[in-house]
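The chain contents come next:
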Amino acid sequence: MLLSRLSEACGVSGDEGEVREILKEELSGYGELKTDTLGNLFVRKGAGRKPRLMLSAHMDEVGLMVAGFEKSGLLRVHKVGGIDDRVLVSKPVRVGKNRVPGVIGAKPVHLQKPEERKKAIAIDNLFVDLGVRSQEEAEKLVKPGDYAAFAAKTRAAGDNCLTGKAFDNRAGCAILAEVLKDDYPLELTGVFTVQEEIGLRGAGVAAYSVYPDLALVIETTSASDVPGTSEAGHVTRLGAGPALTLMDASFITPQPMLDLLVRTAEKHAIPYQFRRLTTAQTDAGKISLAHEGIMTAVISVPCRYIHSPVSLLNLDDWHNTLKLVKSVLQSIVEGGLPECASY
Amino acid sequence: MRELLRKFSEAYGPSGREQQIARLISEEIRECVDEVFTDTLGNLYAVRRGNGAKVMIAAHMDEVGVIVTFIEEKGFLRFSNIGGLSPYVLLGQKIVFANGTVGTVGMEKLEDIKKLALDKMYIDIGAASRDEAAAKVRIGDIAVYYRELTIAGSRAIGKALDNRAGCAVLVNALKNLDRTDNEIYAVFTVQEEVGLRGSRTSSYRLNPELGLAVDVTPVGDTPEPPAAMDVSLGKGPAIKVKDASVICHPRLKELLLDLAEREGIPCQLEVLQSGGTDAGAIHLTREGIPSAVISVPCRYLHTPGEMADLTDMENASRLLKTFLTHPLEMNKIFPCYLT
Amino acid sequence: MEIKRFLKDICQAPGISGYENHVAKIVKAAFCRYADEVRQDRLGNVVFYKKGAGEDGKRPRLLLAAHMDEIGLMVTKIEDDGFLRFAAVGGIDPRTIVGQEIILYGKETLPGVIGAKPPHLTDEKERSKGHKLEDLFIDMAMPASTVKELVRPGDLAVIHREAIELAGGSLSAKALDDRAGVAVLLCCLDELERLRHAADIYAVATVQEEVGVRGATTATYGVVPDIGIAVDVTHADMPGVPEHETAPLGKGPVITLGPNIHPKISAELLRLAREYRIPYQLDTAAGATGTDARAIQVTRGGIPTGLVSVPLRYMHTSVELAETEDIRQAGRLLALFAAALEISAVEGLTCF
C-alpha cells in the first residue's frame with residue numbers, strides 16, 4: 001500500500017529524497033515530472049489547458065539532525081521542525097544516508113533526582129545512541145548534518161485505522177498521488193513540497209513557479225478528540241471526515257473557496273468537518289500570497305498524535321478526503337472557478 | 001471627515017471578510033478616480049491615471065474580529081480571535097456578525113481572573129439551542145465589535161478606527177486631490193491585521209516606484225503608556241521612522257517632514273517598537289520599493305473604544321494630498337548617492 | 001591587500017540597519033577597482049558586478065552576499081529633562097550597553113553616554129537583575145533645551161568603539177557582525193583577480209539583515225542568481241557553551257549544512273577546502289538559518305544556497321572578536337568556488 005511505503009520512508013525536512021523517489025516511481029507515466037532547486041517534485045498534466053490548478057502536499061516530516069558527537073560516541077542532535085521534547089525519549093530512529101539504526105536515550109529514572117523526574121526531558125539531555133563505543137566509530141557511520149527520522153512500521157489497528165509515523169503529511173501525499181492518476185480536462189500540477197515543517201519554505205517557491213489560477217493544499221491535521229479536551233476544543237475528530245480549514249495563523253480561507261468545498265461535499269454526501277483551530281500554519285499561507293495572490297483552500301485528513309511515531313488515522317477519513325479532493329476538481333470542471341467579489 | 005469616519009468605522013469588515021467595507025469605500029470614491037477594481041484576495045484598488053511617478057498608497061480596511069469555532073448544544077458559540085484581541089477587552093462586549101446577528105460575550109466561572117482566556121469565553125446570541133443558533137450563525141462566521149461612533153469635541157471614539165481612520169484620510173485626500181502627473185494607486189488592503197497579506201500581493205501586482213501606508217499608531221501620551229513614545233493625540237499626523245516591520249526610507253521620511261513644514265502642517269515623528277504596517281510588506285516587494293508611513297495617532301487600539309483626533313485626520317489628509325501632488329520621480333527623490 | 005586596515009575602517013563606520021550609506025561608501029571605494037559595474041538598489045544594497053570569462057549564455061550567475069548593517073539604538077522620546085529614551089534596532093542585550101560611550105547622529109554628530117540609576121541607590125536584589133532597555137537612557141550632558149534643538153525621535157546612536165588589534169592576529173571591534181563577511185567578499189574579489197572564472201560574480205553588501213534579512217530578499221530578487229552564497233559570522237568557542245554549537249576561532253571558515261543549504265553546494269565547498277588544504281569547520285542548522293541565506297533560498301522559484309561563516313566571539317556587542325586569518329581563508333574558499341563554477345554544474349542543481 002502506497003501510504004504505508006510513504007509513511008515508513010525517511011523524509012525529514014531537507015532530506016525528502018526517499019519519499020520523492022517513491023512518488024516518482026509511482027507517478028512515472030502519469031504526467032511530466034520535474035524537481036526544482038529545493039527538491040519540490042512537480043507532476044504536470046494537461047499542460048496548456050485552462051484553468052490551471054495546483055494541488056500540493058508536503059513530503060517532509062519532523063525529525064532530528066546530527067549536530068555533534070560525544071567522546072563516547074553518543075550523538076548530539078537538533079530538532080528539525082516542531083517536535084515536543086517529551087515525545088522523543090525511548091524512541092528508535094534511523095540516522096543518515098545508510099539509515100543506521102539508533103535509539104534515543106536519556107539518564108535512567110533511577111539516577112534522576114526526585115525534582116528531575118517531574119520535568120520533561122529536554123533535547124539537551126537526550127542523545128542518539130548508535131551502539132558504538134567511541135566518537136571515531138560513530139563518525140564512520142554518520143556525519144554532522146545527517147538527518148534522523150523516527151523508525152516505525154505502519155500497522156493496522158482497531159476499527160479501520162492505521163498507526164505509524166509521518167502520516168503528517170504522507171497521508172496527503174498518498175491522496176495527491178491517487179488524484180494525479182486520473183485525468184481531468186484542465187491543467188493540473190501536483191506539487192509534493194519540501195520543508196513545510198520548518199516554515200513553509202518549499203511551497204512559496206513552488207507556487208511562484210507554477211502560478212496557478214487556484215490551489216488546493218492537501219494536509220494532515222491534528223485530531224484532538226482525546227481525554228483532557230472538551231468537545232468545543234476538538235480541533236477535529238477522528239472518523240468525522242475530511243477537515244476544512246477556516247483559518248490558521250498563516251491563512252484565511254476565502255468565502256467562495258469555503259462555499260465551493262462545502263457545496264461539493266454536500267452534493268456528493270461526503271462527511272466533512274471544520275478544522276476548529278485558528279493557529280499553526282500550512283503551505284496555503286505561502287501559496288495564497290504568491291505573485292498577485294492565489295485562490296487557495298486546505299483539505300486535511302484528521303489524524304491523532306501527529307509529530308510522533310504513533311500517529312493514528314482512520315482509513316474512512318482518508319478515503320473520504322480523496323473523494324472530496326476529486327469531487328472538488330469535478331466541481332471546478334463543471335462550474336468553473338469560484339468568483340471573487342467585485343464592485 | 002466626521003461622516004466619512006462614522007460610515008467606515010461602523011461598517012463590518014474583519015480580516016478575510018472585507019466585502020461590506022470594500023463596497024462602502026468603492027461607492028465613496030467611484031466619482032473621484034479613473035478606475036476601481038478588486039483582486040483575488042479582495043483588495044480594493046482606486047486609480048488616478050497620470051504620466052508621472054507610479055505611487056501606491058495603502059490603507060488597510062480590515063479590522064480585528066472573532067471567528068465561531070463551535071456551537072454548543074445550548075446555543076452558545078465558542079470562538080477564536082482574528083488579529084490581536086485581548087480577552088479582558090472582549091468580555092461583556094456586544095459583537096455583530098455579517099448578517100446583522102448581535103451577540104454578547106460571556107465567560108465561564110473563573111477562580112482567578114488572570115486565567116481569563118478566549119477558550120473560557122463564549123458568545124451568546126440569545127439562541128436557546130444549537131439548531132436555533134445554527135439558523136443564524138455557522139461555524140466559521142466572523143463577528144466584529146458592535147459600536148456606533150461617538151464624537152467628543154474634536155475627537156472620535158469608536159471601533160475599527162484602526163484603520164478606518166486611515167481609510168477616511170485616504171478617501172478624503174482622493175476627493176480633494178488637485179491635478180497631478182503622478183499615477184496614483186490607492187489600495188484599500190485586506191488582512192493587514194493577520195500579517196500584512198493584502199499589501200504583499202497588491203504591491204507585487206502594481207510594482208510601484210514608491211509606497212506609502214496610511215495607518216494608525218499607538219501613542220505615548222496616556223497615563224503610564226506601554227512604551228516611551230513621543231507621539232500624542234492632537235499634535236498632527238505622525239511620520240513613521242520605524243516599527244517592527246519596516247524602517248521607512250530615510251529620504252521619503254525627510255520629504256514628508258519637509259512638505260509638512262512647507263505647508264505648515266503640524267506633525268510628529270514616530271518610533272514604534274512593536275507592531276507593523278502595510279509598508280512592511282510593500283518595501284520588500286520584488287526588488288524593493290522605497291516606502292514611508294503617515295500615521296494617525298490613536299489610543300486604545302483593538303478595543304471598541306479607540307480614540308482619534310479629527311484634526312489629526314484632517315492634517316494627515318492635507319499632508320497626504322500634498323505628498324501626492326509633489327513630483328515623485330525616482331531620480332528627483334533618490335539621486336544615486338553612490339556615484 | 002591590507003585586510004585589517006579595511007576591516008577597521010568599515011567596523012568603525014556607522015551603518016545601522018536602514019541607514020547604511022556611510023559604510024556603503026567605504027565599501028564601494030574598496031570594491032570598485034575589482035568591479036565592472038557598481039549599482040545601489042532602492043533599498044540600499046550595493047551590488048558589485050564582475051563579468052566572468054565564460055561565453056555569453058554560459059556564464060553562471062553567482063551571488064555572494066554579506067550584510068553591512070549593524071545593530072544600534074534609535075531615540076524614541078526626549079524626556080523633559082533632556083534624557084533620551086531609546087529602542088534597539090536589531091537584537092541588543094541591554095546588559096552590554098550600560099556605561100558605554102555613544103555617538104549620536106542628530107542635527108550634528110554628538111558624543112553621549114548610556115547611563116542608569118547608580119548602584120548605590122539600588123538594593124542587592126535589584127542589582128542581581130540585568131538592566132532592561134527601558135531602565136536605560138542616553139545622557140547628552142547638555143541642557144534639555146539644547147537637546148531638543150539637536151535631537152529628534154528617530155535619530156540614531158551607535159556605541160563608540162575603536163577597533164582593537166589583539167595578539168595572535170585577532171581583532172576586536174563593533175559591527176564585525178557582519179563587516180567581517182564584507183571583508184571576506186573583498187578577499188574573494190582580490191583572489192579572483194588571479195583566477196579565471198567563467199561565472200559572473202555579483203558581490204552584494206546587503207542592508208537590513210539585522211531586522212529580518214530584508215536587503216537580501218530584494219537583492220536576490222533583483223540579481224536572479226543561479227547560486228547564492230551568504231557570508232556571515234557564527235558563534236566561536238566559549239567556556240560554558242556546548243562544543244557542537246560553536247566553531248573555534250582560527251580554525252578556518254565554517255561551512256553550514258542543513259535544509260537551508262543546497263547539498264551540492266556544501267559538498268562542493270567541502271571538496272574545494274580539502275583539495276586546496278583550506279582549514280574548515282562544519283556547522284549544522286536544522287531549519288532556516290538566521291542569515292541572508294534564509295531569504296536567498298526562497299526567492300522567486302528557489303535559489304540553490306550556501307552559507308560560509310567566520311567564527312566570532314561576543315556577537316552583538318561592541319567587543320566582537322574575530323581572526324583575520326579565518327576571514328582570508330573564507331575569501332579564498334569562495335574565490336575557488338567561483339573559479340570552479342561552470343554552467344553545467346548549475347543545470348545539475350535541480351536534479352534530485
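Overview of the structure. (Residues numbered from 1 in each chain as written. Chains lettered and ligands numbered in written order. Predicted model: local features only at pLDDT ≥ 70, side-chain atom pairs only at ≥ 80, totals over all residues.)

1. Observations regarding the overall build of chain C
Put simply, the rule reads: Here a strand is any run of E in DSSP of at least two residues, a helix any run of H or I of at least four, and the numbering for each starts at the N terminus. Throughout, radius of gyration means the C-alpha value; the globule benchmark is 2.2 Å times the number of residues raised to the power 0.38. Here the C-beta atoms are placed from the backbone, and a residue counts as buried if at least 20 other C-beta atoms lie within 10 Å of its own, exposed if 12 or fewer do, and partly exposed otherwise. C-beta atoms are placed from the backbone for every residue, and two residues are taken to be in contact when these atoms lie within 7 Å.
Counting its secondary structure elements, chain C contains 10 helices and 17 strands. Taking 20 Å as the expected radius of gyration for a compact globule of 352 residues, we find that chain C reaches 21 Å, a close match to that expectation. By its C-alpha atoms, chain C is 70 × 40 × 35 Å across when sized along the principal axes. For chain C, the proportion of its 352 residues judged to be buried stands at 56%. Once local pairs closer than 6 in sequence are excluded, the contacts in chain C between residues at least 24 apart make up 77%.

2. With respect to the overall build of chain A
A count of helical and extended segments in chain A gives 9 helices and 19 strands. Here the C-alpha radius of gyration of chain A, 21 Å, is about what a compact globule of 343 residues would show, namely 20 Å. With respect to the three principal axes, the spread of C-alpha positions in chain A is 70 × 45 × 40 Å. Taking all 343 residues of chain A together, the buried fraction comes to 54%. Residue pairs at least 24 apart in sequence account for 76% of intrachain contacts in chain A once pairs closer than 6 positions are excluded.

3. Remarks on the sheet that holds strand E10 (residues 164-165) of chain C
Residues and elements named next belong to chain C. Rule in force here: Pairing between strands is defined by DSSP: at least two bridges between the two strands are required.
Ordered in space as E10-E11-E17, the 3 strands form an open sheet in which the pairing is antiparallel. The outermost strands of the open sheet, each flanked by one partner alone, are E10 and strand E17 (320-323). With 4 bridges connecting them, strand E11 (residues 170-173) and E17 associate as antiparallel partners. Within E17, the position partnered with Ser172 by the bridge is Leu321.

4. What to know about unusual backbone geometry
A cis amide bond links Asp162 of chain B with the next residue in sequence, Asn163 of chain B, at an omega value of 10°. In this fold, Asn163 of chain B is placed in helix H5 (residues 161-175). In this chain, Asp177 of chain C is followed by Asp178 of chain C through a cis amide linkage whose omega measures 10°. In this structure, Asp178 of chain C sits in helix H5 (residues 176-192). Its identity as a non-glycine residue notwithstanding, Asn160 of chain A has a phi of 60°, on the positive side. Taking the C-beta count within 10 Å as the criterion, Asn160 of chain A has 14 such neighbours and is therefore assigned partly exposed. Residues other than glycine seldom take positive phi values, yet Gln208 of chain C does so here, at roughly 55°. For Gln208 of chain C, the location among the structural elements is in the loop between strand E12 (200-206) and helix H6 (214-223). A residue is classified by how many C-beta atoms lie within 10 Å of it, and Gln208 of chain C, with 30 of them, is buried.

5. A closer look at the pairing of E11 of chain C
Residues and elements named next belong to chain C. By the bridge criterion, 2 bridges tie E10 to E11 in an arrangement that is antiparallel. Counterpart to Glu165 in the pairing with E11 is Leu171. The turn linking E10 back onto E11 is made up of 4 residues, and Gly168 within it adopts a positive phi angle of 75°.

6. Quick look at the interface of chain B and chain C
The criterion, for reference: Amino acids are sorted into nonpolar (Ala, Val, Leu, Ile, Met, Phe, Trp, Tyr, Cys and Pro), charged (Asp, Glu, Lys and Arg) and polar (every other residue, Gly among them).
Contact residues are listed per partner, giving 21 residues for chain B and 29 residues for chain C. Elements that contribute at least two residues to the side of chain B that touches chain C include exactly strand E14 (238-242) and strand E15 (268-271) of chain B. Residues of the side of chain B that touches chain C, tallied by class, amount to 14 nonpolar, 3 polar and 4 charged.

7. Comments concerning the interface of chain C and chain A
In this complex, chain C contributes 22 residues to the contact, which on the side of chain A involves 27 residues. Looking at the side of chain C that touches chain A residue by residue, the class counts come to 11 nonpolar, 9 polar and 2 charged.

8. Remarks on the sheet that holds strand E19 (residues 311-314) of chain A
Consider a sheet: its strands pair through backbone hydrogen bonds, and that pairing is either parallel or antiparallel. Residue and element names in this part refer to chain A. As a reminder of what qualifies: Axis definition: a line fitted to C-alpha atoms, over the contacting stretch in the case of helices. Angles run 0 to 180 degrees between N-to-C directions.
Read across the open sheet, the 3 strands follow the order E10-E11-E19; overall the sheet is antiparallel. With one partner strand each, in any of the chains shown, strand E10 (155-157) and E19 form the two edges of the open sheet. Each adjacent strand pair in this sheet contributes to an overall mean axis angle of 30°, direction not counted. Across 3 bridges, E10 lies against strand E11 (residues 161-164) in antiparallel orientation. Its bridge partner being in E11, Arg155 is matched across the sheet by Thr163. Strands in contact with helix H9 (residues 315-335) are E11 and E19; relative to E19, the strand with the most contacts, it is inclined by about 65°.

9. Concerning the nonpolar core
Using the following cut-off: Buried Ala, Val, Leu, Ile, Met, Phe, Trp, Tyr and Cys residues whose C-beta atoms connect them within 7 Å together make up a nonpolar core.
Core analysis: the biggest nonpolar cluster contains 326 residues, and Ile57 and Leu170 of chain B together with Leu64, Val184 and Leu334 of chain C have the highest contact counts within it. In terms of residue count, the dominant contributor to this core is H5 of chain C (11 residues). Here Leu170 of chain B is in contact with Ile57, Ala59, Ala186, Val214 and Leu320 of chain B, once residues within four sequence places are set aside.

10. Focus: the packing of helix H1 (residues 3-12) of chain C against helix H2 (residues 21-31) of chain C
Residue and element names in this part refer to chain C. Rules: Roughly parallel here means an angle under 35 degrees, roughly antiparallel means over 145, roughly perpendicular means 65 to 115, and every remaining angle is called oblique. Left-handed describes a crossing whose near helix is turned anticlockwise from the far helix by less than a right angle; the clockwise case is right-handed.
Two numbers describe how H1 lies on H2: the axes approach to 9 Å, and their chain directions differ by 160°. By the angle between their directions, the pair H1 and H2 is classed as roughly antiparallel. In the packing of H1 onto H2, the handedness of the crossing is right-handed. Where H1 abuts H2, its residues Phe6, Asp9 and Ile10 lie against Val23, Ile26, Val27 and Ala30. Its residues assigned to classes, the contact of H1 with H2 comprises 6 nonpolar, no polar and 1 charged.

11. Structural notes on H5 of chain B
Put simply, the test is: Expected helix span is computed as 1.5 Å times (number of residues minus one).
Taking 1.5 Å of rise per residue, 15 residues should cover 21 Å, and H5 of chain B covers 20 Å from first to last C-alpha, within 8% of that figure. With 14 of its 15 residues buried, H5 of chain B lies for the most part within the structure.

12. Focus: H9 of chain A
All names here are of chain A. Relative to the 30 Å expected for 21 residues at 1.5 Å per residue, H9 spans 30 Å between its end C-alpha atoms, a close match to the ideal helical length. Looking only at H9, the buried set comprises Asp317, Trp318, Asn320, Thr321, Leu322, Leu324, Val325, Val328, Leu329 and Ile332. Buried residues belonging to H9 abut strand E3 (52-58), helix H5 (167-180), strand E13 (214-222), helix H7 (255-267), strand E18 (295-303) and E19. Within two residues after H9, Gly336 carries a phi angle of roughly 80°, on the positive side.

13. Description of the environment of Asp80 of chain C
Its place among the elements puts Asp80 of chain C in the loop between strand E4 (72-78) and strand E5 (84-89). Residue class for Asp80 of chain C comes out exposed when judged on the 7 C-beta atoms lying within 10 Å of it.

14. Description of the packing of helix H2 (residues 19-29) of chain B against H5 of chain B
All names here are of chain B. Relative orientation of the contacting elements H2 and H5 amounts to 20°, with a least axis distance of 10 Å. Classified by the interaxial angle, the pair formed by H2 and H5 is roughly parallel. Handedness of the crossing formed by H2 with H5: right-handed. Contact residues: H2 offers Ile25, Glu28 and Ile29, while H5 offers Cys167, Val171 and Leu174. For the contact of H2 with H5, the per-class residue count stands at 5 nonpolar, no polar and 1 charged.

15. Describing the environment of Thr150 of chain B
Residues and elements named next belong to chain B. Structurally, Thr150 can be placed in strand E10 (residues 150-152). By C-beta crowding, Thr150 is classed as partly exposed, having 13 other C-beta atoms within 10 Å. Once the C-alpha coordinates of Thr150 and Arg6 are considered, the two residues, 144 residues apart in sequence, prove to be 8.3 Å apart. Apart from the residues within four sequence positions on either side, Thr150 is in contact with Ile157 and Gly158.

16. What to know about the pairing of E4 of chain C
All names here are of chain C. Burial runs high along E4: 6 of the 7 residues are buried. Across 6 bridges, the pairing between E4 and E5 is antiparallel. Bridging from a neighbouring strand, Val75 pairs with Phe86 of E5. The antiparallel hairpin formed by E4 and E5 contains 5 residues in its connecting segment, where Gly82 sits at a positive phi of about 95°. Taken together, the 2 bridges between E4 and strand E9 (residues 156-159) define a ladder with antiparallel strand orientation. Along E9, the bridge assignment pairs Leu73 with Ala157.

17. Brief notes about the environment of Val109 of chain A
Residues and elements named next belong to chain A. Within the fold, Val109 resides in the loop between strand E7 (100-105) and helix H3 (114-118). What makes Val109 exposed here is the crowd of 9 C-beta atoms within 10 Å. C-alpha of Val109 to C-alpha of Val262: the two residues are 153 residues apart in sequence and 51 Å apart in space.

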